[in-house]
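An overview of the molecular structure
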Amino acid sequence: MCYNIPVILDLLFIFSGFFAVVAQTLVIRELLAVYGGNDLSIGIIISQWLLGSAAGSYFFTNNKRISGKHALLISLAAGAVFFAFFIFFSRNIRNILGFLPGQGLSLKAVFISSFFLTVPVGFTIGAQFAAAIKYIKEHVRINVSSAYAWESAGFLAGGLVFTYLFIPFFTPSAIVLACAAVFFLLSYIYAVRNRLLIVIAILCALFLPWTSVLLETSTMKDLYRGYELLETRNTPYSRLDVLERRGEKYFFANGTPLLTLPWQDFAKAEESGLLPLLFHPNPKKVLIIGGSGKPVSSALASGRVSVAYLEPNPFYLELLAANWPEVFSNSKLTTLKKDPRKHVSETKDTYDVIILGIQIPATLSANRYYTKEFFALTKKRLSKGGILALSLPGSLVYIDTAMAELNRTLKDTLKEVFEKVEIIPGDENLIIASKKAISGKARLKSRFDKLKLRTLYISRAYLDHRFNYYKRKWFNEELAKVRRKTVNRDFFPAAMLKSLIYWQSVFAPNTISVYRFASKYAWVLFFIPLLWFLSGRFSLGSVAFTSGFAAMGLMLLAIWALQILRGSVYHWIGALNAVFMAGLAAGAAFHNFPSLRSGLGLASSIVKSFSIKKHNYLFVIETGFCVWIALWWGMMKLNFAGWTALFVFSAGTGLVLGFEFPFITELERKRKGDSLDASAGRMYAFDLLGGWISALFCGTLLIPAMGFEGALLLIFLLKTASLKWLFKK
């Protein structure tokens, strides 16, 4: 019989969960800003975090020479130090690696740097749970499910507090230093009554306002070394930074350059904002989506159109209005502070020209504007004879396979929606889509003459050069060499994979082969669950491993789906983690209520005829896990019920995992005759290891290569294969 754990010991697990989610969410947000907001970096960061957590949990669980008190002291003190130093090194990592502000990082650089930045913090956070179990076991007999539930409750509280209190009111440096102070305080309360620790905690608290400002200011200057930082805004969509150097202002979003003022690239401005207008006989209303403000100035210069302008991050519009008044004070310009995709879906207005200025779809937040679903929405918003214009990387000299595949994929996707699609090749290809025939060079020259515009780049000679018949013929022949037709969808981001291959060809050519192989042979991975099932090499560790793999895979799918449906996961990732852990807490708490647990009696009695009599509860839970994954797949086929459903599914995933963990731990203890804390730590490590592999491969390869449905099917097959252990005698 287990004794009740005193409240002060329960609080230890709550603190562990609270700071785990705060640390993890802050690490993800900070590194997203360092790595340019790349969605794939989320999977890499989470995988490194789980690797560190698994190592920390396993180390302190199996090290018999370190007492619980000393394990707790080491994990808390090290957590304070590593977490504090994380801010400094994360914002200096570009300087350490030799990358300039705004320069793209390869996934190889992301993987290596995130390992050294994330694993130490993850190690100390993972160690805290194992150290807490060992510490409390020295005082009272511990109930593992209760400890798991209290930690999950802390996780829930941490996610909500971080999302709705910390982000709006505190800088990352203030959050880190406050956590460090509390770590020292907990060390004093639980581990060593050393006055030095309480003095350090008090000093941290007293000097927190001053030191946090100093740390934030100095590290942000390190991030943009050589530039003067004028302003920083942590918005729900990204971190926006305004810099100045030699009289020029630079605008960055999550470390990615957006705009330089004064804007001097007149060729880019006129090609993106003015040239598309020539394809319409009499444009009056124009909608510009994205482009960082670059197409707006030239579109307004025509003097004949009214412009509605949206950005994926509406807070960016405030910076433009404050720093580019000569353009953004124009009476013919209307800025709309809402999600562009939501506006296109809900508005009743129609437009003669829609200009899509979003960057290439190398991220999910960009890809959501290049899918068949979004193009169908824009078609409904076009007036009679209206056109949609967008740009992609191009060349008039040589087109490599990556560039050809990207352009062909978007052309095929547009053809699924629009009757007419034309690509006008150049250093940057202009793609025009319309319900009707697209105007040729003669009409464009005639319209240009009638407008009598004062242009610096576009002219009659330019139009002759740009619309050269032989260049267009050569370009179309190059695209025709891409034989496979691919359509980009919301939940099958084919253009994202093509963009990644193109992007890697620029920053890291050696890694192209990985994505090419994944795009062609990802189906081979479906044989892994089958071969594993036939091999029969399963244990309880295998069950915990597949559960961790499945849970993390489903969480990544929820994160990516939220990015697609809401446009940004930067703000919501803490809340999504929180509801997952709420489900985990509820599942773990289930084992503390015998009346609820008896509800499994009916289900377990059905399976008594199988050769799993001692494990019938686990069989029911494992089967429920598989059914839950299948339900995810069904909802994916139906394009979800809405973005709020993702929070329900995340909570349900945590619930199933929370149900299972205590059962696995108890069975492992009985099977090996081990102590309960050793069994819990071992199963926890296997669970985290499965999550690590899932985060690494699902987040960087499987989802882009297979799409959401393919990734879900692989997760389902792998989890189903683990059921074989339950039939072993």
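One structure accompanies this document, and this report is about it. Since the structure is predicted, the reported quantities are computational estimates derived from the model, not experimental observations.

This part is about the environment of leucine 525. Here leucine 525 lies in the loop between α22 (512-521) and α23 (527-535). On the basis of relative accessibility, which here comes to 26%, the residue leucine 525 falls in the partly exposed class. The sequence separation of leucine 525 and leucine 702 amounts to 177 residues, and the corresponding C-alpha distance is 9.3 Å.

A surface patch of nonpolar side chains, about 930 Å² in accessible area, is lined by Phe517, Tyr521, Trp523, Val524, Phe527, Leu530, Leu531, Phe533 and Leu534. Put simply, the parts of the chain that give the nonpolar patch at least two residues each are α22 and α23. A total of five residues in the nonpolar patch trace back to one element, the largest contributor, which is α23. Positionally, phenylalanine 533 belongs in helix α23.

Further remarks concern empty space enclosed by the protein. What the rule picks out here adds up to five cavities of 30 Å³ or more. Listing elements by their share of the lining of the largest cavity, those giving two or more residues are α1 (7-34), α2 (40-62), α5 (107-137), α6 (144-169), α24 (540-566), α25 (573-589) and α30 (676-721). Across the lining of the largest cavity, the residue classes tally to 18 nonpolar, seven polar and two charged. Empty space within the second largest cavity amounts to approximately 90 Å³. Taken together, Leu26, Arg29, Glu30, Phe162, Ile167, Phe170, Thr171, Pro172, Ile175 and Asn234 make up the lining of the second largest cavity. Contributing elements (two or more residues each) for the lining of the second largest cavity: α1, α6 and α7 (172-191). Examining the composition of the lining of the second largest cavity, we find that three residues originate from one element, α1, more than from any other.

Glancing now at the sheet that holds strand β9 (residues 382-393). Reading across the sheet, the seven strands line up as β7-β6-β5-β8-β9-β11-β10 and stay open at both edges, with mixed pairing between neighbours. The open sheet has two edge strands, β7 (333-335) and β10 (420-424), and neither has a second partner. Between one strand axis and the next, the sheet turns through 20 degrees on average, direction left out of account. By the bridge criterion, seven bridges tie β9 to strand β11 (residues 428-434) in an arrangement that is antiparallel. Across the sheet, alanine 389 pairs through a bridge with isoleucine 432, a residue of β11. Packing of helix α17 (residues 401-415) onto the sheet brings it into contact with β9, β10 and β11, and relative to β9 it is tilted by some 165 degrees.

This brings us to the sheet that holds strand β4 (residues 256-261). Read from one edge to the other, the open sheet built from four strands follows the order β1-β2-β3-β4, with strand pairing classed as antiparallel. Single-partner strands in this sheet number two, and they are β1 (228-234) and β4. Strand after strand, the sheet turns through a mean of 20 degrees between neighbouring axes, direction not considered. Looking at chain direction, strand β3 (residues 248-253) and β4 are connected through five bridges and run antiparallel. If you follow alanine 253 over to β4, its bridge partner there is threonine 256.

Let us now look at the nonpolar core. Among the nonpolar cores identified, the biggest contains 177 residues, and Ile289 and Phe375 are the most heavily contacted of them. Element by element, the count of residues in this core is highest for α24, at 18 residues. Not counting residues up to four positions away in its chain, the partners in contact with isoleucine 289 are Leu310, Pro340, Val344, Ile354, Ile355, Leu356, Gly357, Ile358, Tyr369 and Phe374. Residues Leu240, Leu261, Leu278 and Ile432 belong to the second largest nonpolar core, which totals 44 residues.

This part takes up the packing of helix α10 (residues 266-273) against helix α11 (residues 294-301). Close contact between α10 and α11 brings their axes to 7 Å; oriented N to C, the two are set at 70 degrees. Between α10 and α11, the angle falls in the class roughly perpendicular. Side by side, α10 and α11 meet where Ala269, Glu270, Ser272 and Gly273 of the first sit next to Lys294, Pro295, Ser297, Ser298 and Ala299 of the second. In the contact of α10 with α11, the residues fall into three nonpolar, four polar and two charged.

Note that β10 and β11 share five bridges and pair antiparallel. Looking at the pairing, valine 421 lines up with alanine 433 of β11. The turn joining β10 and β11, which pair antiparallel and follow one another in sequence, is formed by three residues.

Next up on the list: the packing of aromatic side chains. The final tally for this structure, using the stated rule, is 16 aromatic pairs. Arranged with centres 5.1 Å apart and planes meeting at 55 degrees, the rings of tyrosine 457 and tyrosine 462 form a pair that is tilted. The class of tyrosine 462 is buried, set by a relative accessible area of 8%. Among the aromatic residues, ring-to-ring pairing joins Phe85, Phe88 and Phe89 into one connected group. Between arginine 245 and the ring centre of tyrosine 227, over which it is positioned, the NZ or CZ distance is 5.0 Å.

Before going further, it helps to examine the pattern of salt bridges. Enumeration over the complete set of coordinates arrives at 23 salt bridges. Put simply, lysine 372 and glutamate 416 hold a salt bridge, and the shortest N to O gap is 3.4 Å. With lysine 372 in helix α16 (residues 372-381) and glutamate 416 in the loop between α17 and β10, this pair connects stretches of sequence that are 44 residues apart. You can call lysine 372 partly exposed: its relative accessible area is 25%. For glutamate 416, a relative accessible area of 34% gives the class partly exposed. Between arginine 460 and aspartate 449 there is a salt bridge; the shortest N-O distance is 2.5 Å. Pair noted here: arginine 460 is in helix α19 (residues 460-466) and aspartate 449 is in helix α18 (residues 441-451), with a separation of 11 residues, a long-range link. Classification of arginine 460 by relative accessible area gives partly exposed; the value is 39%. Among the ionic contacts, a cluster of salt bridges with common partners joins Glu30, Arg91, Arg239 and Asp241.

Conventions adopted
- Residues numbered from 1 in each chain as written.
- Predicted model: local features only at pLDDT ≥ 70, side-chain atom pairs only at ≥ 80, totals over all residues.
- Heavy atoms only, no water.
- Helix = DSSP H or I, 4+ residues; strand = E, 2+ residues; numbered from the N terminus.
- Buried < 20%, exposed > 50% of the residue type's maximum accessible area, 1.4 Å probe, protein only.
- Patch = residues over 30% accessible without salt bridge, like charges linked within 9 Å, V, L, I, M, F, W, Y side chains within 5 Å.
- Areas by Shrake-Rupley, 256 points an atom, 1.4 Å probe, with all protein chains shown as cover.
- Salt bridge = Lys/Arg side-chain N within 4 Å of Asp/Glu carboxyl O.
- 1 Å grid on protein atoms, 1.4 Å probe; cavity = no way out; pocket = protein on both sides within 12 Å on 5 of 7 lines; lining within 4 Å.
- Points joined across faces, edges and corners; volume = space filled by probe spheres on them.
- Nonpolar A, V, L, I, M, F, W, Y, C, P; charged D, E, K, R; others polar.
- Pairing = 2+ DSSP bridges.
- Axes fitted to C-alpha atoms, helices over the stretch in contact; angles between N-to-C directions.
- Contact = heavy atoms within 4.5 Å.
- Core = buried A, V, L, I, M, F, W, Y, C linked by side-chain atoms within 4.5 Å.
- Parallel < 35°, antiparallel > 145°, perpendicular 65-115°, else oblique.
- Phe/Tyr/Trp six-rings, centres within 6.5 Å; stacked < 30°, edge-to-face > 60°.
- Lys NZ or Arg CZ within 6 Å of the ring centre and 35° of its normal.

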